[in-house]
Amino acid sequence: MRIAGRGPGVRPVSFSFDGRRYEGREGDTLASALLANDVALVGRSFKYHRPRGVMTAGPEEPNALVTIGRGAAATPNTRATVQEVFDGLEAFSQNRWPSLDWDLLALNDLAAPFLGAGFYYKTFMGPRGWWERVYEPLIRRAAGLGALSGRPAPERSEKAFAFCDLLVIGAGPAGLTAALVAGRSGADVILADEDFRMGGRLLAKGAEPGPEWAAGILAELESLPNVRLMPRTTVTGAYDQGTFGALERVSLHLADPNGLPRECFWRIVAKRAVLAAGALERPVAFRNNDRPGVMMASAVRAYLHRWGVVPGKRVAVFGNNDGAHVLASELVAAGVNVVGLIDSRHDVVPSGDFRVWTGTQVCNAHGRKRLEAITLRTPVGTERLAVDCLAVSGGWNPSLHLTCHLGGRPEWQRDIAAFVPTPGAVPGLRAAGACNGAFTLGACLSEGRAAAEEALGALGMTPKAVDLPEAPEAQYNITPLWSVPGKGRAWLDFQNDVTVKDVAQAAQENFRSVEHMKRYTTQGMAPDQGKNSNVNALAVLADATGQTIPGTGTTTFRPPYSPVSIAAMGAGAEGKGFAPERFTTSHRAAVGMGAPMIEAGLWYRPSYFPLRSETHWRQSCDREVQMVREAVGICDVSTLGKIDIQGPDAAALLDLVYANRFSTLKEGRVRYGLMLREDGFVMDDGTTARLGPEHFVMTTTTAAAGPVMRHLEFVHQVLRPELDVSMISVTEQWAQFAVAGPKSRELLNGLLDAPVDNDSFPFMACGDVSVMGVAARLFRISFSGEHAYEIAVPARFGEALFRELVARAEGLGGGAYGMEALNVLRIEKGHITHAEIHGRTTAGDIGMGRMIAAKDCIGRVAASRPGLTDPDREQMVGLRPVGDVKQLTAGAHLFDAGAAPLRENAQGYVTSACFSPTLGETRALAFLKRGRARHGEHIRMVDHLRGIDALCEVTDPVAFDPEGGRLRG
Amino acid sequence: MAELIASRPAAGLVPVRIADLSLTEESFGALTSLSPRRGAEGALGAALQQAHGLGWPAPNRSTQTDGARLIWFGHAHALLIGPEPAQGLREHAALTDQSDAWVALRLAGDGAEDVLARLVPVDTRASQFETGHTARSLLGHAHVSLTRTGDDAFLILGFRSMAKTLVHELELAMNSVAARKGG
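Model, not experiment: these values are computed from the prediction.

Helix and strand counts for chain B stand at three helices and 11 strands. Put simply, chain B runs from its N terminus to its C terminus through helices and strands in the order β-β-β-α-β-β-β-β-β-α-β-β-β-α. Over its C-alpha trace chain B gives a radius of gyration of 17 Å, about what one expects of a compact globule, namely 16 Å for 183 residues. Seen along its three principal axes, the alpha-carbon backbone of chain B occupies a region of about 55 × 55 × 30 Å.

This next bit is on the nonpolar core. As a rule of thumb, soluble globular proteins bury nonpolar side chains together. Grouped together as the largest cluster of nonpolar side chains are 335 residues, with contacts concentrated most on Val274(A), Leu390(A) and Val739(A). In terms of domain composition, this core takes at least three residues from each of domain 1 (16–27 + 100–182) and domain 2 (30–97) of chain B.

Take the sheet that holds strand S29 (residues 582–583) of chain A next. All names here are of chain A. Spatially, the three strands line up as an open sheet ordered S29-S31-S30, and their pairing is mixed. Two strands in the sheet have a free side with no partner beyond their single neighbour: S29 and strand S30 (597–600). Judged from the two bridges that link them, S29 and strand S31 (residues 603–606) form a sheet pairing that is parallel. Within S31, the position partnered with Arg582 by the bridge is Trp603.

Let us look at the interface of chain A and chain B. Contacts between the two partners involve 36 residues from chain A and, on the opposite side, 41 residues from chain B. Those elements that provide at least two residues to the side of chain A that touches chain B are strand S8 (158–169), S29, strand S33 (642–646), strand S37 (726–729) and helix H20 (798–811) of chain A. At six residues, the largest contribution of residues to the side of chain A that touches chain B is made by S8(A). Across the side of chain A that touches chain B, the residue classes break down as 18 nonpolar, nine polar and nine charged.

Let us look at the UniProt feature "domain: SoxA A3" (unreviewed entry) in chain A. UniProt's feature table lists "domain: SoxA A3" (unreviewed entry) at residues 487–572 of chain A, given in the numbering used throughout. Regarding residues 487–572 of chain A, the helix share stands at 43% and the strand share at 6%, and the terminal C-alpha atoms are separated by 53 Å.

Residues and elements named next belong to chain A. With three bridges connecting them, strand S5 (residues 65–68) and strand S6 (residues 75–79) associate as antiparallel partners. Bridge pairing in S6 places Ile68 opposite Thr75. Hairpin connection between S5 and S6: a loop of six residues separates the two successive antiparallel strands, and Gly69 in this loop has a positive phi of roughly 85°.

Quick look at the packing of helix H5 (residues 173–184) of chain A against helix H9 (residues 441–458) of chain A now. All names here are of chain A. The interhelical angle for the contact between H5 and H9, taken along N-to-C directions, is 35°, at an axis separation of 7 Å. The two elements H5 and H9 cross, and the hand of that crossing is right-handed. Residue-level inspection shows Pro173, Ala174, Gly175, Thr177, Ala178, Val181 and Ala182 of H5 in contact with H9, the latter providing Leu441, Cys444, Leu445, Glu447, Gly448, Arg449, Ala451, Ala452, Glu453, Ala455 and Leu456. When grouped by side-chain class, the residues that make up the contact of H5 with H9 number 12 nonpolar, three polar and three charged.

Residue and element names in this part refer to chain B. The domain architecture assigned to chain B consists of domain 1 (16–27 + 100–182) and domain 2 (30–97). The gap between the C-alpha centroids of domain 1 and domain 2 is 24 Å. Each partner contributes residues to the interface: domain 1 has eight residues there, and domain 2 has nine residues. Among the secondary structure elements, those contributing two or more residues to the side of domain 1 that touches domain 2 are strand S9 (134–139) and strand S10 (142–150). A class-by-class count of the residues in the side of domain 1 that touches domain 2 yields two nonpolar, five polar and one charged.

Reading the values: rules and limits
Residues numbered from 1 in each chain as written. Chains lettered and ligands numbered in written order. Predicted model: local features only at pLDDT ≥ 70, side-chain atom pairs only at ≥ 80, totals over all residues. Helix = DSSP H or I, 4+ residues; strand = E, 2+ residues; numbered from the N terminus. Rg over C-alpha atoms; globule rule 2.2 N^0.38 Å. Core = buried A, V, L, I, M, F, W, Y, C linked by C-beta atoms within 7 Å. Buried ≥ 20, exposed ≤ 12 C-beta atoms within 10 Å, placed from the backbone. Domains from an automatic or database assignment. Pairing = 2+ DSSP bridges. Contact = placed C-beta atoms within 7 Å. Nonpolar A, V, L, I, M, F, W, Y, C, P; charged D, E, K, R; others polar. UniProt positions renumbered as here; feature names shortened; annotations may be inferred. Axes fitted to C-alpha atoms, helices over the stretch in contact; angles between N-to-C directions. Left-handed = near helix turned anticlockwise from the far one by under 90°.

What follows is the structure, given as structure tokens:
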């Protein structure tokens with residue numbers, strides 16, 4: 001209930017939980033608002049479906065996990081202690097059926113003796129195959145937390161980068177002080193805090209320096225232009241070179257996001273960092289310590305001071321340190337009925353206006369959906385106490401998680417019975433305050449100042465003076481108490497339903513290493529990452545194995561510190577954001593002609609250009625092929641890589657990267673080139689034109705444009721830096737179109753300002769031309785096998801020239817052709833693509849062994865290795881069907897006509913296949929063992945996937961115009 | 001004979017104006033990449049100074065006069081923006097016409113840095129990335145050249161073929177930044 005006159009704001013906020021309407025206040029978390037409404041039961045546990053209530057007041061909450069929103073936008077596993085309430089907020093409890101109050105799966109709790117650690121490893125051993133089909137689906141249905149909708153998130157998240165001199169992680173007393181010192185000194189500071197209100201534990205204090213002091217510091221920080229405050233931002237990971245990941249909740253607290261993204265995943269690069277993440281209070285394990293109403297003492301204190309909420313009418317406090325006494329006094333001062341303080345220590349002097357049991361432990365909690373009573377074990381016997389809220393403090397664990405992200409191992413500090421960070425575990429990061437084991441306010445303030453001063457010194461800046469407030473010297477005086485011995489189940493990890501017995505059992509079954517125990521019991525897994533349970537569990541393990549705690553060690557904390565939604569990490573990459581789209585200059589025209597697009601790498605290219613009368617792609621494709629063979633076709637080939645290579649040593653570089661020779665190429669001529677990788681296999685092919693004595697333009701395939709550019713840079717910068725050569729990509733500069741077919745010259749001469757003929761422009765000629773007044777480049781090259789050209793103009797004229805070329809081609813009985821026809825044309829000619837040079841073929845395999853000239857080149861030596869020159873290798877051949885089945889398919893395998901189609905009998909495989917309208921039959925390119933010597937042989941093609949079995953004749957790869965007469969016409 | 005009509009890389013995509021932010025297409029004369037011959041860096045610098053009044057830029061820097069800009073463009077390259085290059089430069093450098101290869105976008109207005117922070121992994125704080133500073137980097141997944149041209153203005157050069165994606169990504173980020181300011 002809310003104490004009159006206390007708590008945040010005044011504006012009422014209306015929200016619902018499991019369909020029931022409640023009222024909270026602006027500034028409430030869902031947890032504080034539910035507690036103010038006296039809602040104790042908020043969830044069911046992971047495995048046993050035990051009733052659970054709010055346990056903490058921060059992001060370490062293991063129990064109060066809820067689903068926010070409905071439908072596709074529903075967000076599961078949201079911590080009610082983090083979620084801010086807003087008007088119209090809808091929250092739902094999880095892991096219960098049919099309702100939170102009446103959960104049938106709570107039967108699991110009765111079966112607990114059979115469901116201990118590792119039960120499914122032992123229980124579900126057989127029969128074979130049942131695990132995946134029966135057991136796992138059953139268990140997944142019975143156990144678990146919230147579920148995703150399975151639909152795309154309707155709202156956007158975003159990602160961003162930030163840079164600063166000093167990143168301060170956490171805005172409690174240490175963090176505020178560090179940010180103030182660095183901010184006043186002129187450093188670029190980012191202060192990130194996971195809470196929506198900065199101040200950390202200062203906000204949970206009943207006396208100053210507390211909330212007011214924090215507000216004063218924040219006001220100053222806000223006024224400094226060099227300080228950036230990032231509330232609602234959890235630093236989730238520490239990475240190399242001062243990079244930190246951070247998740248900002250941008251609009252999850254708003255009724256109307258108004259264009260804001262849900263979350264932002266930040267990558268913050270900081271020259272220095274101060275970790276001021278504070279500490280988390282740890283529970284004490286005792287029987288039924290998971291009953292709703294058993295809470296952390298720090299949470300009760302925070303709800304009292306920050307939210308004016310007391311989660312019960314009869315409150316008891318149970319602790320092993322002086323902090324418990326402070327809380328009890330403050331509760332009494334606030335008028336709360338404190339039934340008593342149970343202190344496990346013997347040597348305590350009772351003080352304050354409440355009853356104190358010393359040397360006493362709470363050994364059981366009663367009530368099911370709400371705490372009703374506790375049983376104490378005093379030095380003289382047991383006692384039952386009627387309470388509805390028990391505040392527990394087992395001490396504090398520094399939040400040192402980030403210091404472990406680069407492999408740092410925390411060290412045990414005996415006087416505070418806790419692990420503290422190893423200095424220098426993350427380069428450039430220093431821990432300060434409670435996360436460094438400094439558990440008094442005075443120490444937090446001075447450590448924050450010292451950490452900032454050290455960082456400023458490292459940055460070469462002079463720290464400005466900052467006066468720290470007087471902080472009363474409080475004592476901690478902890479005597480460790482991990483678990484209260486006794487019967488029944490005592491919870492260590494509330495989120496994963498791991499008990500003291502489970503850990504003891506793991507040790508008994510020889511899972512004695514802390515890493516093995518964690519995996520066997522699932523302690524510290526999942527969203528929680530052991531924030532509450534880690535140290536308690538390993539203390540219990542140490543006890544069970546007879547080791548010390550430092551001897552037992554801790555498991556490693558890995559990023560993220562708290563859960564990060566995949567939607568935030570992958571923000572911007574949904575749908576087409578996955579990769580950039582590349583469009584040719586003719587894209588709009590091609591789409592206007594109704595061409596369906598096919599993706600080629602990042603590019604979009606037209607598959608075919610359907611006429612109104614055509615209903616099937618094959619009709620269009622066949623027509624386009626015939627058009628090129630008989631008239632003239634136009635195809636945008638701008639996507640091929642184009643590399644401008646200049647310099648006195650340009651020819652020498654080409655001789656090195658190409659298997660064949662280019663230094664002998666004459667100006668104004670083009671040559672086909674084959675490029676090998678360093679391991680001797682084929683890398684890429686294409687044509688290179690010599691535009692001037694020291695000037696070449698290389699063409700690559702579309703797919704290899706980037707890799708070839710990278711390869712050339714590598715060869716030049718690393719292998720032959722002495723070569724005087726420059727290169728740069730001009731792929732984007734030129735729009736280039738193939739003009740192919742017997743009427744290609746006729747078409748071009750209608751456009752060129754000076755006509756060309758066979759003498760001025762023979763096959764493999766190139767040169768500058770003028771097309772409709774625009775300076776252009778013309779190359780007489782052919783991928784189709786026809787008399788053909790490629791004409792290149794600056795990209796700004798690409799669309800206009802494409803439209804003009806197509807219009808003129810149509811006037812000559814031709815038109816535009818797409819990728820399908822291009823593919824058919826080249827298969828008919830036996831020309832290769834990356835379907836053939838797929839990375840495992842040699843120059844010899846594709847019949848180009850003799851192109852490796854008598855000169856040094858990349859890959860030459862490796863290409864002569866025995867495995868690459870083996871005469872039994874698969875060699876490229878053509879195939880035509882000769883049996884009843886006429887269909888040939890790429891990916892099918894080849895077998896001798898009489899052999900069974902088994903892997904052991906494989907003779908090769910098909911790489912490309914098409915129906916050739918020119919030849920009136922299906923044609924394929926394939927690799928076949930000793931293929932070149934087997935032309936004329938019959939071979940069996942089997943496509944096991946598609947169920948095709950065809951008898952073929954092995955042919956030369958060139959099926960059409962093998963003499964090449966049409967090229968030269 | 002009819003004329004070939006030139007089209008702009010970002011035609012139909014810009015201008016984009018959201019709150020105080022604007023994304024427009026720059027219209028430069030020529031873009032020419034320069035790469036010095038071996039050992040000719042000094043001579044090229046002198047020739048550039050004489051012909052265009054521009055010094056050879058250090059890595060991640062650019063030089064500028066009225067109507068001309070020379071920006072570092074990666075290993076051993078700089079991009080001359082504006083004038084047709086003087087022919088004398090060819091003696092010292094490889095010159096390549098890039099006038100049609102790049103879409104040139106100007107991102108300007110209060111919050112331009114915040115827009116870039118959503119897409120570019122480069123520290124663009126004014127204290128670190130001053131007017132005239134330049135970087136080759138990524139914008140989303142696309143390679144770009146990024147130069148600060150004023151207190152609140154940046155020149156973004158991207159592949160012509162990726163103009164649509166670039167504008168789309170910038171527009172999304174501009175919306176995000178505007179929403180934050182409005183909030």
